[in-house]
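Topology and contacts: notes
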Protein chains: 2
Amino acid sequence: MLRKVLFGGLCAAVTLAVGILLGHFGIQQSDSTPSWVQDVAKDVDEDLIQRFISEVDNMEIQENLRELTKVPHMATTEGDRATVQYMLSRWQDPDTGLDHTWAEDYRVHLSFPDPNNPNTVTVVSSSDSVLYSAREKEKPYEAAQSDPAVVQPYAAYSPAGNVKGKLVFANQGKPSDYQLLNQTLDLAGTIAIVRYGGEGRAGKAINAAPYGVVGVLVYTDPLDINDGKMSEDNETYPHSWYMPPSGVERGSYNTDFGDMLTPYLAAKEETYRIPSKDIKGIPPIPTQPIGFEDAYALICELGGPEAPDTWQGGFNCTYNFGGPGFQPLSAFNNSDVKLDVYNKEELKASSNVMGVIRGSVEPDRYVIYGNHRDSWVHGAIDPSSGTSVMLELTRVLGRMVKQGTWKPRRSIIFGSWGAEEFGLIGSAEYTEEYFTKLSERTVAYINVDISVFANATLRASGSPSAQSVIFKSSKQVKIPGSDSTSVYDNWIRYSNRSSPVYGVIPNVGFLTGAGSDYAPFIHNLGITSMDISYTYDRTKTKARIYPAYHTAYDTFTYASKFIDPGFTSHQTVARTAGNVLMRLADSLLLPLNCSDYAESLEAFLHVALELYKQPLDAHSISLMPLQSAVTRFRSAASRLDQVIRDSDLASETPLKVRRINDQLMLLDRAFLDSQAFPKEYGFRHVFRPASVNGRFTFRSLADACANAMATGLASDWQKAHHHVSILSQAIAGAASILDDVI
Amino acid sequence: MLRKVLFGGLCAAVTLAVGILLGHFGIQQSDSTPSWVQDVAKDVDEDLIQRFISEVDNMEIQENLRELTKVPHMATTEGDRATVQYMLSRWQDPDTGLDHTWAEDYRVHLSFPDPNNPNTVTVVSSSDSVLYSAREKEKPYEAAQSDPAVVQPYAAYSPAGNVKGKLVFANQGKPSDYQLLNQTLDLAGTIAIVRYGGEGRAGKAINAAPYGVVGVLVYTDPLDINDGKMSEDNETYPHSWYMPPSGVERGSYNTDFGDMLTPYLAAKEETYRIPSKDIKGIPPIPTQPIGFEDAYALICELGGPEAPDTWQGGFNCTYNFGGPGFQPLSAFNNSDVKLDVYNKEELKASSNVMGVIRGSVEPDRYVIYGNHRDSWVHGAIDPSSGTSVMLELTRVLGRMVKQGTWKPRRSIIFGSWGAEEFGLIGSAEYTEEYFTKLSERTVAYINVDISVFANATLRASGSPSAQSVIFKSSKQVKIPGSDSTSVYDNWIRYSNRSSPVYGVIPNVGFLTGAGSDYAPFIHNLGITSMDISYTYDRTKTKARIYPAYHTAYDTFTYASKFIDPGFTSHQTVARTAGNVLMRLADSLLLPLNCSDYAESLEAFLHVALELYKQPLDAHSISLMPLQSAVTRFRSAASRLDQVIRDSDLASETPLKVRRINDQLMLLDRAFLDSQAFPKEYGFRHVFRPASVNGRFTFRSLADACANAMATGLASDWQKAHHHVSILSQAIAGAASILDDVI
């Protein structure tokens, strides 16, 4: 009986248990959890990051570069069109391509030399006989330089014209340089020779014209680019990375970015174009760049008083101002320099190649990664080092997508911009065409243009809020040839600063100007941006930039032999930038740190108070509103960080996560005010740095105060007051973005 | 045995069932559904809407109005400060108040007459003896008009000055009026008398000054406001709603909105202010409004040629141009009119009162409901009819919040704006201070200023995408005194149009200018806006506006006796606008319809093609880009509507709902382009209508084409081309907002 009872009880227990199990697992709960609940809480997958890092291949990058640099690919040329097709084919690859790829065309205003009528620089005697001719093309040291598609060195957007005059040396062509020269000489009718650096390209001619200068020659001084080295016999490329004597930096001579004929409008076929006479910010007088071998032949013959020490360069002669003109004992005595420029302006079709990986959870949030595609000549470093990194990044990510291993939380947009060399045209037109859409949805823009300037260390610039994700990513990547040293640890040795919060950390720079395609994103649209590359050991070179920059020597051979043999620095940049990209795309909480913005604002404020409080007070203009705004920003940032710390975001409503992410995403937008830089096209971000005596502060305020202190005019002090108000309102507005949302 | 088996089986079955039940209900599922899953899917609760509608009480509105109109409450006066306190106390009420309430102060540039030195208008003989004096204050018919706080009628922002000259009649003071007058008369040194209407207040003086006119008098013609009625004995207030002979419309004489000294900056204490000499858009010459009894005494004595028919008004005399000056047989023959204006400009503290109901699911999405608080005198209709409606709305909603019956999905912000009468100052400063935050988060702005002009029918204007929610709400509310006729059905009888999609529907107007506080929201920030009120039966009156507008007769008695006895039209507006508010705040899917925007764009395009295609084609300017943009917009809207129809939003990820809602919310933002109206402060929305021959089209294009057709200049046709591009880019950009998000 007992046994029966026990058996019965056992049976009952088993039956009950079966029932419980059936009930628990076998029946769909009426309020069953929707499948998306887990999806929306998904965070970045560290294993996938590691997989990405390990799959980035230096040899793939090398082969990308080889392909991209086969021919010169100046914007809109046949070589450029070939790279468009190449990008499309890579991003449409069934195994490693992206979800969606296409080309977008703009019709843009470019400037080219006349292939049938080259620009010339000559020295002509008073009887008009030619005593000296500057070289029209760079000297070939490998097959690349002999490619007929190599464009003659020229100053894009310099007007055509035939001018001659006595030569003067005007240092860097800064306003102060011409001012000094003008104290001694009558500049009317002269031709000025100036060196690169210290002033924007167009500025060198714009500053000259008011003094009556009729033409400008620009060269690169060996002191500035070659650490003084000049000899092609054993010092310059192909013996080293230094610029050969005939090398010439080409460039776009304009101060504004974007297509010049269609300000604030995308340059489509039918778009209204301003009359070209209304273009501003280009040379008013013929301008032409030359190699330092020609500059040497001219400068060392100049007469007149000796130029100041700071004007002296790397030539083994004394740099004189010019008589104007040459020394009495020179063979060029009494001769003029003649400048014949035949540049032509043309409307040309330029393409951006766009590629998309569709986000799975928040497709309406974009992380944009971009690099321009056009070069001046073969452009192995500028920009193809960046393009080959981008292609390696899309190959690895594209494969994960095609294999079904990975779908980013947010959408990723890759942009291969056209016509950057002519003034960031592709990216500027893109941001103009999709202005509101990009403003509303873009989490961040990552720019990798020249990916490797040199192979010493990472370099990064960006919005202050982007610092933390760059740090985190760089800590997870090792430097070339090491299993233990991280990119971060290496970086901090080369470039660091002391943060009141973090102690000594790598120094992330600011995005001050329009050096690359980040400018329209950060300055015009207020999209959190960053620019990432590998760069120099500054103890080893003083070169202004890598010496083959914008010359016909920027070739695959140059890159693989002197810049990054083995392409491991390229690989390191790809790994780091790709890590940043994946974190921005996949993190549940956006990896943007608003308190880091507070730190930068406080630093800028500190300098502003030190430099300007006293003079402003003396004109009854208070900096208190600015101080209050920065204090308010700091408090709001601290509170938001506290909310983030106190939240278990993975288990809370996805709308709360989205809310916080929107606060972080849209923070940079709050700094926009078109009154801040009314005369500068596309600059609206008030957190734009000026370096004053080596320290950074708010540029709009610094410029206004400097001007008021110089003129002493009450109206100029009023302008400074206006800028205090603009800054204060923008920063307070940004603080209110971070405040509790209601 | 069988029994035992059966019993055993039964027991087992029961045990199994118990187990299943236990397992199903008794054990928390390991992947149990988070509580927020239901919250995020919640839609608008129709029962709560019905409860709201039934609880809105006309007698409460009446008592609100009685309280608000006890004393004159012109901006920044003691009466205004009292209403600030009253609003605060109401919104802080523990039983019917809001979640959070506060006042925000701005320091704004206002203009007042000198109470110790009233403005005067006199007729003076050549020997300077005063032959006639216009009335300085309106005649009292009830205690209200004798309140010492009643401000003398004046033209705010008219400069002070003492001028005299021969009188001329200049109709409405339009440019064409002065032009016509100038063909016959020398206007130099004259004083012009003009009637209200046809031209903005400031324009009447701005247009006059170039002709040498030295002063302007403005009056309201009985034909325009009183259906011709003039007699105070039995025709005008207090016998009817018509304006008494001494009534004067006060007003702000300025063309731009917002604080004049702080363009694009919130007018805080320390904000930079432009020099007042740089203010634009205000009368350059002394200007003063007068009653029609004084205008009658002057106009009917004027000499010179008879004015054209269209210039004739309601007086029982012929309106002549003026000799200049009076008729030879007039007692005023050879006399001058003398205008002495002593207005003073002052910086004053003006408050917005803000109140918030915090959203429970998406607190970072705002529905803003606003109305100004300041009046010119007692302002029973303008604006207190709106304020009493707002207070009733917050009482009912506040009680539901305090009782815990209701929490809106999104946050609701109530704004009681200050200094609207001086140029929308409170709302403009608010939108400037929180520009980015409001741009990023605001779903819609609902404006109810004058809530009841008259008691015939609903009137609504708004962004095209707001039409559907206004229709839906108005269908759920009955008109006063009816259990069956909806506001919608009544409305369609008074004002309708034929829609190609919906057939005959009520006519929702456009927000063309800066008539009330919606202007900064829609025109400067691109926030979907609407303006709601009750209005006239146009078959019964031709009055330009309700006749006591801006006079000392706009009192509680006037409102309760002549505008809305029983306050049931007020109640109807409260119910309708409150319904719109609740739907915008609570709907899972935002009730904004993008296809309705497409319909309006197509209508505008249609008119543009008809009017401008031929002349533009003749100048080789194609409208194709505009046509393509509109077509693209329509397709994108249709696709998005299809996505919405195909989705079961309540069961999908809340991020998908949010994504679609963001597309709808941010649509209006895409229409902003500061190049569209470069000379008009705060106007950036390209969907701004112009009425051309009674039909609406794009204002920027219409103005540019009209100008080019008038001048025939190639450069003006180029400007028209520029506007085609601006419009096309904005509309195409808006279409891309509606496209699949990636």
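Notes on the structure in this doc start here. (Residues numbered from 1 in each chain as written. Chains lettered and ligands numbered in written order. Predicted model: local features only at pLDDT ≥ 70, side-chain atom pairs only at ≥ 80, totals over all residues. Heavy atoms only, no water.)

The next thing to look at is the overall build of chain A. A count of helical and extended segments in chain A gives 23 helices and 21 strands. The C-alpha radius of gyration of chain A comes to 29 Å, within 12% of the 27 Å expected for a compact globule of 742 residues. On the principal axes, the C-alpha backbone points of chain A span a range of 135 × 65 × 55 Å. Residues counted as buried form 64% of the 742 residues belonging to chain A. For chain A, restricting intrachain contacts to residue pairs at least 6 apart in sequence, the fraction spanning at least 24 positions comes to 79%. Carbon and sulfur atoms provide 52% of the accessible area of chain A, an area that totals close to 26000 Å². Side-chain charges of chain A comprise 66 positive and 85 negative groups, with the mean position of each set lying 5 Å from the other. (Helix = DSSP H or I, 4+ residues; strand = E, 2+ residues; numbered from the N terminus. Rg over C-alpha atoms; globule rule 2.2 N^0.38 Å. Buried < 20%, exposed > 50% of the residue type's maximum accessible area, 1.4 Å probe, protein only. Contact = heavy atoms within 4.5 Å. Areas by Shrake-Rupley, 256 points an atom, 1.4 Å probe, with all protein chains shown as cover. Lys, Arg positive; Asp, Glu negative; His and termini not counted. Charge placed at Lys NZ, Arg CZ, Asp CG, Glu CD.)

Right, let's get into the nonpolar core. Phe-414, Phe-422, Tyr-546 and Phe-633 of chain B are the most contacted members of the largest nonpolar core, which has 231 residues in total. Considering every element that reaches this core, the biggest residue donor is helix α22 (residues 714–738) of chain B, with 12 residues. Residues in contact with Phe-422 of chain B, not counting those within four places in the same chain, are Met-74, Ala-75, Leu-110, Ser-111, Phe-112, Tyr-154, Ala-156, Tyr-157, Ser-252, Asn-254 and Trp-376 of chain B. Ranked by size, the runner-up nonpolar core spans 230 residues in total, among them Ala-155, Trp-241, Ala-266 and Ile-299 of chain A. (Core = buried A, V, L, I, M, F, W, Y, C linked by side-chain atoms within 4.5 Å.)

One side chain can pair with another of opposite charge once the charged atoms of both are near each other. All names here are of chain B. Counting across every chain of the model gives 86 salt bridges over all chains. Among the salt bridges present, the one from Arg-583 reaches Glu-46, with a minimum N-O distance of 2.8 Å. Placement of the pair is Arg-583 in helix α17 (residues 568–586) and Glu-46 in helix α3 (residues 46–55), with a sequence separation of 537 residues. For the salt bridge of Asp-537 with Lys-540, the shortest nitrogen-to-oxygen distance reads 3.7 Å. Residue Asp-537 is classed as buried on the basis of its relative accessible area of 15%. (Salt bridge = Lys/Arg side-chain N within 4 Å of Asp/Glu carboxyl O.)

Residue and element names in this part refer to chain A. If you trace the backbone, Lys-338 turns up in strand β11 (residues 336–341). Using a relative accessible area of 25% as the deciding quantity, one classes Lys-338 as partly exposed. Separated by 176 residues in the primary sequence, Lys-338 and Asn-162 place their C-alpha atoms 7.3 Å from one another. When sequence neighbours within four positions are dropped, the list of residues in contact with Lys-338 reads Thr-120, Val-121, Thr-122, Val-124, Val-163 and Lys-164. At a separation of 3.0 Å, a polar atom in the side chain of Lys-338 contacts the side chain of Asp-340. (Polar contact = N/O pair within 3.5 Å; in protein donor to acceptor, adjacent residues only side chain to side chain.)

Now for the relation of the copies chain A and chain B. Between the two copies of the chain lies a relationship made up of a rotation around an axis and a movement along it. Overlaying chain A on chain B yields an RMSD of 0.0 Å, the required transformation being a rotation through 180° with an accompanying axial translation of 0.0 Å. What the rotation and shift describe, once combined, is the action of a two-fold rotation axis. A shared interface surface links the copies, since 100% of the contact residues of chain A are contact residues in chain B too. (Least-squares fit on C-alpha atoms with pLDDT ≥ 70 in both.)

To continue, consider the sheet that holds strand β7 (residues 191–195) of chain A. Residues and elements named next belong to chain A. Reading across the sheet, the four strands line up as β6-β7-β8-β10 and stay open at both edges, with parallel pairing between neighbours. Two strands close off the open sheet at either side, each with one partner strand: β6 (167–169) and β10 (287–289). Each adjacent strand pair in this sheet contributes to an overall mean axis angle of 25°, direction not counted. Here strand β8 (residues 215–219) pairs with β10 via three bridges, running parallel. Along β10, the bridge assignment pairs Leu-217 with Gln-288. Docked against the sheet, helix α10 (residues 292–299) engages β6, β7 and β8, running at close to 120° with respect to β8. (Pairing = 2+ DSSP bridges. Axes fitted to C-alpha atoms, helices over the stretch in contact; angles between N-to-C directions.)

Where the parts come together, the accessible area they lose is often given as the size of the interface. Chain A puts 72 residues into the contact, and the matching count from chain B is 73 residues. Buried surface at the junction of chain A and chain B, summed over both partners, amounts to about 6100 Å²; 59% is from carbon and sulfur atoms. Inspection of the chain A/chain B interface yields six salt bridges. Between Arg-365 of chain A and Asp-662 of chain B there is a salt bridge whose closest N-O contact spans 3.8 Å. Taken together, chain A and chain B are joined by 25 residue pairs in polar contact (both at pLDDT 80 or more). Elements that contribute at least two residues to the side of chain A that touches chain B include exactly α1 (2–26), α2 (36–41), β13 (362–372), β14 (410–417), α12 (425–433), α13 (435–441), α21 (654–666) and α23 (714–738) of chain A. Split into classes, the residues belonging to the side of chain A that touches chain B amount to 30 nonpolar, 23 polar and 19 charged. (Buried area = accessible area lost by both parts, 1.4 Å probe. Nonpolar A, V, L, I, M, F, W, Y, C, P; charged D, E, K, R; others polar.)

Function cannot be read off these values alone, since they describe shape.
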